[in-house]
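# Understanding the architecture of this molecule
One letter stands for each residue in the lines below.
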Amino acid sequence: MTGWVRDDRGSGTVLMLAVVCVLVVLAGAVALLAGSASARGAAQAAADLAALGAAGADMHASGDPCGRATEVAQRNRATVTACVAEGDGIYTITTTAPAPAGRSATATARAGPASAAG
């Protein structure tokens, strides 16, 4: 092994590069998790409001309840994937909202008049 010098010069650079790479990966993972949690909250808010919109439309006979739910969800950047009329003015709405990395978040909400609670 002639010509090889055994010292530690440059080892700090390699170590710092490894630490920076790990930190970048961790920051990306945290950002992905935060984006997913935010998308879940947006999907739930859209489902809640859409269910209230559908129940209100039914109670006041002001148009198609599922159409109203779809309109409300779209205004909240979500899509209605299911609108179920359970009877007595109760509606269950499922919405989907876009999430990071091409995924989606789904939430379900149920609303109706207090007299139908049981």
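Values in this document were obtained by computation on a predicted structure and should not be read as measured data.

Attention now goes to the sheet that holds strand β1 (residues 79–87). The sheet built from 3 strands is open, its strands ordered β1-β2-β3 with antiparallel pairing. Bordering the open sheet on either side are β1 and β3 (104–111), each of which pairs with just one other strand. Between one strand axis and the next, the sheet turns through 15° on average, direction left out of account. Note: β1 against strand β2 (residues 90–98), 7 bridges, orientation antiparallel.

The final tally for this structure, using the stated rule, is 1 disulfide. With a sulfur-sulfur separation of 2.0 Å, C66 is cross-linked through a disulfide to C83. Judged by the torsion about the S-S bond (-85°), the C66/C83 disulfide is left-handed. On the criterion of sequence distance, the pair formed by C66 in helix α2 (residues 65–75) and C83 in strand β1 is long-range, its members being 17 residues apart.

Attention shifts here to the packing of helix α1 (residues 11–59) against α2. Where α1 contacts α2, the axes come no closer than 8 Å and their chain directions differ by 150°. As α1 packs across α2, the resulting crossing turns out to be right-handed. Between α1 and α2, the residues in contact are L49, A50, G53, A54, A57 and D58 and P65, R68, A69, V72 and A73, respectively.

Here is what the cut-offs are and how they apply
- Residues numbered from 1 in each chain as written.
- Predicted model: local features only at pLDDT ≥ 70, side-chain atom pairs only at ≥ 80, totals over all residues.
- Heavy atoms only, no water.
- Pairing = 2+ DSSP bridges.
- Helix = DSSP H or I, 4+ residues; strand = E, 2+ residues; numbered from the N terminus.
- Axes fitted to C-alpha atoms, helices over the stretch in contact; angles between N-to-C directions.
- Disulfide = S-S within 2.5 Å.
- Left-handed = near helix turned anticlockwise from the far one by under 90°.
- Contact = heavy atoms within 4.5 Å.

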